[in-house]
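Working through the structure, step by step
Residues per chain, in single letters:
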Amino acid sequence: MQFSYLAEAFQIVFVPAHFLALALATFVGVVVGILPGLTATMAVALLTGLTFGFGPVIAVVALIGVYEGAISGGGQAGILLNIPGTPASAATVLDGYPMNRQGKAGLAIFLATGASMCGTILAAIFLLFLTPPLAAIGLYFQSYEFFLLALFGIVICGNLASNGDALKGWMAGFLGLLISMVGLDPIAALPRFSFDNIMMRGGLPLIPLMIAIFGIPEILKVFGKQTAPDSQITKFNVGEGVKILGKNTPALLRSGSIGTFMGIIPGVGEDVGGWMSYWATKSISKTKERFGKGAPEGVISVEAGANAAKTGALIPVLSLAIPGSTSAAILLAAFFMHGHRPGPLLMGEDPGFVYQIAVYFVIAAILMFIFAMGLSRFSVRILKVDKTILMPIIFTFCAIGAFLVRYVFFDVRVMFLGGFIGFLLLYARFPAAPLLLGMVLGDMAEANLVRGMMLSDGSFEPFVTRPISLIFVIVISLLVFTQLPFFGKLVNLVKGRKKNPEEEK
């Protein structure tokens with residue numbers, strides 16, 4: 001480690017103009033993350049164009065700031081309104097919204113924001129120390145592993161979000177995969193399920209569907225018989241929040257590590273990083289029944305994992321010039337635009353740049369925490385507004401958010417269609433989160449399945465014989481097997497046999 005490069009990075013970031021640019025961009029990113037429909041990818045893409053005439057340092061600082069703020073701020077909308085601010089915060093809803101219903105909205109936001117900051121800082125340390133070796137691990141993943149990773153994510157999400165009925169979770173996940181197939185075939189570019197509609201050939205837009213599936217049912221609940229009682233806002237003690245974070249330090253470290261590794265793998269993104277972290281924490285918990293009902297460690301794990309994945313996605317960008325996510329791909333283009341050359345030669349040509357990126361993330365994470373907690377003082381007050389007044393306003397913002405994705409009314413119509421699907425899912429007690437993850441991972445799953453079949457001449461053998469693929473197959477099989485009624489009966493039988501000898505004594 002070159003401490004001279006680290007000291008230089010801190011000197012650069014604390015130049016007044018650079019620090020101001022970082023602070024403003026981070027604040028804008030947090031606001032973008034809180035508003036449903038506005039994503040980190042959109043914010044980074046818009047800011048990339050605006051920074052064309054800026055100096056290279058201010059441009060990079062601003063892009064890192066908005067990138068950090070947007071992903072981290074997405075949990076607030078999910079906690080307060082059950083509508084994720086970004087796709088990466090969909091898993092936060094599982095325990096964040098129940099905490100809100102228990103009157104712990106402020107505490108949930110504090111835990112989510114604190115975990116986001118810790119996840120980013122941990123991933124920045126990984127970025128600083130382990131960029132070359134960790135990026136090399138991601139290169140072992142080929143089409144076979146990517147397909148099984150997508151399947152693994154959907155099976156995990158189905159298990160976690162189904163409230164005990166994993167089959168419904170899996171069905172929702174595979175419905176999401178089916179929806180993702182609308183549009184052009186990723187290999188042959190042939191239209192499918194588009195019904196000769198030119199707008200549908202590009203596929204159904206993810207953000208309007210996300211807003212609809214989570215938002216519209218919540219709005220309709222207010223005007224139906226299923227309306228839940230209004231949330232009671234209780235003040236939380238900051239010391240209590242810090243104590244809970246400290247108690248869950250192992251979950252923070254584990255989730256940060258898992259999220260960083262998920263970010264390194266190209267195309268996986270923050271969504272899978274959050275879900276994997278949530279699954280790991282729930283799997284080793286002694287009180288699994290608390291998850292999905294307002295478990296603080298659930299919120300902490302998701303936010304730490306998702307934000308670590310966001311930062312980890314920059315590791316292959318810097319070392320191999322391979323983006324780990326859509327937002328990272330835009331950042332890669334921006335780096336080249338401003339005179340930097342990420343890739344294998346970066347450590348030889350411009351080693352200080354890696355240290356600068358790591359420091360920018362650390363300072364941006366701290367600023368994000370300050371801004372997000374400041375904004376939460378106002379955003380929590382949303383819960384005091386009469387729901388019959390608030391929900392029509394939220395619906396209007398949902399429609400505006402859907403329109404702003406591509407500035408076409410077709411996306412608003414898609415939002416209405418998605419709202420109908422979301423309401424049916426709610427009525428039939430199907431979880432919405434696996435559906436969203438299926439839509440997110442659909443392109444990656446299909447393209448890699450077809451590509452893998454082409455490489456193996458139509459044989460499934462590499463999907464089950466390659467070492468990493470075999471591990472995925474075994475883990476997926478175990479996840480499915482443990483959800484079968486037979487397994488539950490077997491466990492109860494074993495427990496019964498263990499108790500009988502004790503009773504005889």
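Residues numbered from 1 in each chain as written. Predicted model: local features only at pLDDT ≥ 70, side-chain atom pairs only at ≥ 80, totals over all residues. Heavy atoms only, no water.

Our focus in this paragraph is a nonpolar patch on the surface. Together, Leu175, Leu178, Phe193 and Phe195 give the surface a local cluster of nonpolar side chains, amounting to about 430 Å² of exposed area. Secondary-structure assignment places leucine 175 in helix H9 (residues 166-180). (Patch = residues over 30% accessible without salt bridge, like charges linked within 9 Å, V, L, I, M, F, W, Y side chains within 5 Å. Areas by Shrake-Rupley, 256 points an atom, 1.4 Å probe, with all protein chains shown as cover. Salt bridge = Lys/Arg side-chain N within 4 Å of Asp/Glu carboxyl O. Helix = DSSP H or I, 4+ residues; strand = E, 2+ residues; numbered from the N terminus.)

Moving on, we get to the confidence of the model for the protein chain. With 85% of its residues at a pLDDT of at least 70, the protein chain reaches an overall mean of 81. Across residues 226-231, where pLDDT falls below 50, the model places eleven contacts with residues more than four positions away in sequence or in other chains. (pLDDT = per-residue confidence, 0-100. Contact = heavy atoms within 4.5 Å.)

Here we take up the nonpolar core. Core analysis: the largest hydrophobic core is formed by 90 residues, its most contacted members being Leu111, Leu149, Phe152, Phe214, Ile394 and Met415. Of the residues forming this core, the biggest block, eleven residues, is contributed by helix H8 (residues 143-161). Excluding anything up to four places from it in sequence, methionine 415 contacts Pro208, Ile211, Ala212, Ile216, Phe395, Cys398, Ala399 and Ala402. (Core = buried A, V, L, I, M, F, W, Y, C linked by side-chain atoms within 4.5 Å. Buried < 20%, exposed > 50% of the residue type's maximum accessible area, 1.4 Å probe, protein only.)

A few words now on the packing of helix H4 (residues 56-73) against helix H14 (residues 296-312). One way to put it is that H4 packs onto H14 with a least axis distance of 10 Å and a crossing angle of 155 degrees. Relative to H14, the element H4 lies roughly antiparallel. Both H4 and H14 take part in a crossing whose hand is right-handed. Between H4, through Tyr67, Glu68, Ile71 and Ser72, and H14, the contact on the second element is made entirely by Glu303, Asn307 and Lys310. Partitioned by chemical class, the residues of the contact of H4 with H14 number two nonpolar, two polar and three charged. (Axes fitted to C-alpha atoms, helices over the stretch in contact; angles between N-to-C directions. Parallel < 35°, antiparallel > 145°, perpendicular 65-115°, else oblique. Left-handed = near helix turned anticlockwise from the far one by under 90°. Nonpolar A, V, L, I, M, F, W, Y, C, P; charged D, E, K, R; others polar.)

Given 3.6 residues to a turn, an α-helix orients residues that are three or four positions apart in the same direction. If you check which residues of helix H11 (residues 238-247) are buried, you get Gly241, Ile244 and Leu245. Axial view of H11: buried residues confined to an arc of 100 degrees, hence all on one face. Seen from the buried face of H11, the exposed residues on the opposite side, beyond 90 degrees, are Lys243 and Lys247. (Arc of directions from axis to C-beta.)

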